Amino acid sequence: MLNDDQRRIATIGALLATVMILVPPYFDIGGLFGGVRFAFILHPPTRNVSLDIHPAIASVSLLLQLSAVVSFTVSAILAYYHPANRVRMARMRRGAVATFLFALGYMAFSLFELGRGWLDAPFLVCLIPVQYPGGYFLFCLRLATLAWATLLWVLIPGRRTKPTPLNRIAAPIAAAILILLLIVTVRTALR
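What comes next concerns the included structure.

Rules and cut-offs
Residues numbered from 1 in each chain as written. Predicted model: local features only at pLDDT ≥ 70, side-chain atom pairs only at ≥ 80, totals over all residues. Heavy atoms only, no water. Core = buried A, V, L, I, M, F, W, Y, C linked by side-chain atoms within 4.5 Å. Buried < 20%, exposed > 50% of the residue type's maximum accessible area, 1.4 Å probe, protein only. Helix = DSSP H or I, 4+ residues; strand = E, 2+ residues; numbered from the N terminus. Contact = heavy atoms within 4.5 Å. Phe/Tyr/Trp six-rings, centres within 6.5 Å; stacked < 30°, edge-to-face > 60°. Salt bridge = Lys/Arg side-chain N within 4 Å of Asp/Glu carboxyl O. Axes fitted to C-alpha atoms, helices over the stretch in contact; angles between N-to-C directions. Parallel < 35°, antiparallel > 145°, perpendicular 65-115°, else oblique. Nonpolar A, V, L, I, M, F, W, Y, C, P; charged D, E, K, R; others polar.

Some thoughts on the nonpolar core
Piece 1. Judged by nonpolar contacts, the single largest core of 38 residues is most densely connected at Leu64, Leu78, Met92, Tyr136, Leu138, Leu181 and Val184.
Piece 2. Only helix 2 (59-79), helix 3 (86-112), helix 4 (133-155) and helix 5 (165-189) provide two or more residues apiece to this core.
Piece 3. By residue number, the principal contributor to this core is helix 4, which donates 12 residues.
Piece 4. The residues touching Leu181, leaving out its near neighbours within four places in the chain, are Leu64, Leu141, Ala144, Thr145 and Trp148.

Structure representation (structure tokens):
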């Protein structure tokens, strides 16, 4: 069913997802200064009682990370389904480049912004450096949204062609990720 390129893409996506699950992000709950740390799942960051810091797994951010990986993996598998399908390939590449440029810009902002960012706007649209829990969460939300948009953009040309098993699988995946993004966005807007 899958060609060699698609198998390689699926393997890379599975490896990325496995690494994300084994080394999840932790947010510092409590204390005056929050932060984001990554640690092995079986050896979480130590708790500092004197500073009232209690590291906890950032499960929503981890879900958003995994949805971004799944979106890009499925869109790349769809794009490599048939070598002659240049429309899907071009759309997948454009989406990947746009997401890469977004991530690069956000990391540059986080590197050069010495304060806690631009917090005057509503939380959903404000810019917070990635080293803070709110900034990392917003980064993951925006990254997952761009990845989902890429998946949808790659999936749309397939609606005009005859249905394939991959299209039948990709549409429910895109719908599930959309539901996750909507729930997370609404919960974030209500904060």
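Once you've had a look at it, read on.
Some thoughts on the packing of aromatic side chains
Piece 1. Across all of its chains, the model carries 5 aromatic pairs by this definition.
Piece 2. Each ring, one from Tyr106 and one from Phe139, has its centre 5.3 Å from the other, and the planes form 45 degrees; the classification is tilted. Taken together, the positions of Tyr106 in helix 3 and Phe139 in helix 4 put the pair 33 residues apart, joining distant regions of the chain. In this structure, Tyr106 and Phe139 share a single accessibility class: buried.
Piece 3. A network of ring pairs unites the aromatic residues Phe102, Tyr106, Phe109 and Phe139 as a single cluster.

Quick word on the pattern of salt bridges
Piece 1. Scanning all chains against the criterion turns up 2 salt bridges.
Piece 2. Between Asp4 and Arg7 there is a salt bridge whose closest N-O contact spans 2.9 Å. Of this pair, Asp4 and Arg7 both sit in helix 1 (residues 4-22), 3 residues apart, roughly one helical turn.
Piece 3. In this structure, the salt-bridge partner of Arg8 is Asp5, at a minimum N-O distance of 2.9 Å. Here Arg8 pairs with Asp5, and both are found in helix 1, just 3 residues apart, close to one helical turn.
Piece 4. Accessibility expressed as a relative area gives 51% for Arg8, which makes it exposed.
Piece 5. For Asp5, a relative accessible area of 33% puts it in the partly exposed group.

Some words on the packing of helix 1 against helix 2
Piece 1. It is the contact of helix 1 with helix 2, at a shortest axis distance of 9 Å, that shows an interaxial angle of 175 degrees. For the element pair helix 1 / helix 2, the angle class is roughly antiparallel. Facing helix 1, whose interface residues are Gln6, Ile9, Ala10, Gly13, Leu16, Ala17, Met20 and Ile21, helix 2 presents Leu62, Gln65, Leu66, Val69, Thr73, Ala76 and Ile77.
Piece 2. A class-by-class count of the residues in the contact of helix 1 with helix 2 yields 11 nonpolar, 4 polar and no charged.

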